[in-house]
Amino acid sequence: MHERLLPSNPWPWLLAVGFLALLIGIRFTRPEPPPVPERRATAYFGSAAFDLDIADTPALREQGLSGRPALPRDGGMIFLFDYPDRHVFWMKGMRFPIDIFWIRGETILAIQEQAEPPRSGAALETLPRFVPPDQADIVIETRAGVARELGVRPGQRVRILLP
């Protein structure tokens, strides 16, 4: 007597195995999410404290605040650079306006108030670039309006506490 081990029609099984392989392949080929800063710093503009994500690697600096829906009132990002330079910023992937503070040591060199996000579908080459007048080694981004609300001006000091 001969027992049949395979079903008479193997196509449903082959399709199921193929579908499972496809799902596993999709799961492991998804693009990685953007890097998320794991460390935080605190910056004081006068007595106003801001809790800042730290961007101190090329990947974190490139991602910046792009893709986030908003910032908390006292939130933002601090970009730490290895050397002072005229670090240029743009609003690629931004969804909300920000204030940008260029800092050397703990002195504010320049402020770009109300930097607006690009319109949807704007070509990269058309995005405005924000360039400081002098070399900075730190840049802080906050929600738009912070500089005006707190009366922050170039030449003032900002106290920065790093982990």
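In the block above lies the structure referred to throughout.
Residues numbered from 1 in each chain as written. Predicted model: local features only at pLDDT ≥ 70, side-chain atom pairs only at ≥ 80, totals over all residues. Heavy atoms only, no water.

**Notes on the nonpolar core**
Heads up, the rule is: Grouping buried Ala, Val, Leu, Ile, Met, Phe, Trp, Tyr and Cys residues that are joined through side-chain atoms within 4.5 Å yields what is termed a nonpolar core. Buried, partly exposed and exposed residues are distinguished by accessible area as a fraction of the type maximum, computed with a 1.4 Å probe on protein chains only: under 20%, between the cut-offs, and over 50%, respectively. Helix numbers and strand numbers start at the N terminus; a helix is a DSSP run of H or I with at least 4 residues, a strand a run of E with at least 2. We call two residues in contact when some of their heavy atoms are within 4.5 Å.
Core analysis: the largest hydrophobic core is formed by 19 residues, its most contacted members being Leu 65, Phe 79, Phe 89, Ile 98, Ile 100, Trp 102 and Val 139. Every element with two or more residues in this core is listed here: β3 (75–85), β4 (98–104), β5 (107–115) and β6 (136–143). If we skip the residues at most four places from it in the chain, Leu 65 touches Leu 71, Met 77, Met 94, Phe 96, Ile 98 and Glu 141. Counting residues in hydrophobic clusters, the runner-up holds 18 residues, among them Ala 41, Ile 54, Ile 138 and Val 146.

**Looking at the pairing of β4**
Note the following rule: Strand pairing is assigned whenever DSSP identifies at least 2 bridges connecting the two strands.
Burial analysis of β4 places 6 of its 7 residues in the buried class, the great majority of the element. By the bridge criterion, 6 bridges tie β4 to β5 in an arrangement that is antiparallel. Considered in β5, the bridge of Phe 101 is made with Ile 111. Between β4 and β5, which follow one another and run antiparallel, lie 2 residues, and Gly 105 among them has a positive phi close to 70°.

**Things to note about the side chain of Thr 142**
Of note, Thr 142 is situated in strand β6. The class of Thr 142 is buried, set by a relative accessible area of 0%. When near neighbours in sequence (up to four residues on either side) are disregarded, Thr 142 contacts Phe 50, Leu 71, Gly 75, Ile 98, Asp 99 and Phe 101.

**Focus on unusual backbone geometry**
For residues besides glycine, phi is generally negative; the peptide bonds are generally trans as well. In this structure, Gln 114 is a non-glycine residue whose phi angle is positive, near 55°. On the secondary structure map, Gln 114 appears in strand β5.

**Comments concerning the side chain of His 87**
One can find His 87 in the loop between β3 and β4. The exposure class of His 87 is buried, given its relative accessible area of 10%. Excluding residues that lie within four positions of it along the chain, His 87 makes contacts with Phe 81, Trp 102, Phe 130, Pro 132 and Ala 136.

**Overview of the sheet that holds β4**
The condition is simple: The axes used here are C-alpha line fits, helices contributing only the stretch in contact, and every angle between their N-to-C directions lies in the interval 0 to 180 degrees.
If you walk across this open sheet you meet the 7 strands as β5-β4-β6-β3-β2-β1-β7, and the pairing is mixed. Edge positions in the sheet fall to β5 and β7 (159–161), since each of these pairs with one other strand and no more. For this sheet, the mean angle separating the axes of adjacent strands, direction not counted, is 25°. Sheet topology note: the β4/β6 ladder contains 6 bridges and is antiparallel. The partner of Ile 98 across the bridge, within β6, is Arg 143.

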